[in-house]
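# Report on the structure
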Amino acid sequence: MDDISTLQSTIDALPIDLNFSVSALIAGLLFSTVGLWLFRHGKKNENKRNYWSGIVLMVYPYFVPGALANWIIGLVVCGYVFYWWD
């Protein structure tokens, strides 16, 4: 029983927020998938804009705290890629 309370106190002491909303998880999964596709497309066609946009889409959900911010940033980056699509 002490192991469980020790584990809980260790988790509570972590400096990260472990409370995720379903919307944030869906946004992260969706935009990371689009980012992976853009990354591969940009690498194959030597298109730096798609390459770096794909990396941004795959990485940013780890650093954004809320679901609304996740959706806004993802849509802005996807809009940027759509506007400059070759």
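For the structure, see preceding data.
Here is a short report on the structure shown in this document. It should be emphasised that the depicted structure is a prediction, and the values quoted were computed from it without experimental measurement. (Residues numbered from 1 in each chain as written. Predicted model: local features only at pLDDT ≥ 70, side-chain atom pairs only at ≥ 80, totals over all residues. Heavy atoms only, no water.)

## A closer look at the environment of arginine 40
For arginine 40, the position within the fold is in helix α2 (residues 22-45). Its relative accessible area of 59% is what places arginine 40 among the exposed residues. As a C-alpha pair, arginine 40 and tyrosine 51 span eleven residues in sequence and 7.2 Å in three-dimensional space. (Helix = DSSP H or I, 4+ residues; strand = E, 2+ residues; numbered from the N terminus. Buried < 20%, exposed > 50% of the residue type's maximum accessible area, 1.4 Å probe, protein only.)

## Remarks on a nonpolar patch on the surface
Residues Val59, Tyr62 and Phe63 make up a contiguous nonpolar surface patch of roughly 410 Å² in combined accessible area. Mapped onto the fold, tyrosine 62 is located in the loop between α3 (48-59) and α4 (67-83). (Patch = residues over 30% accessible without salt bridge, like charges linked within 9 Å, V, L, I, M, F, W, Y side chains within 5 Å. Areas by Shrake-Rupley, 256 points an atom, 1.4 Å probe, with all protein chains shown as cover. Salt bridge = Lys/Arg side-chain N within 4 Å of Asp/Glu carboxyl O.)

## Comments concerning the nonpolar core
With eight residues, the main nonpolar core is built from Ala27, Phe31, Leu38, Leu57, Tyr60, Val64, Val77 and Val81. In terms of residues, this core owes the most to one element, α2, which gives three residues. Among all residues touching phenylalanine 31, those that are not within four sequence positions of it are Leu57, Tyr60, Asn70, Trp71, Gly74, Leu75 and Cys78. (Core = buried A, V, L, I, M, F, W, Y, C linked by side-chain atoms within 4.5 Å. Contact = heavy atoms within 4.5 Å.)

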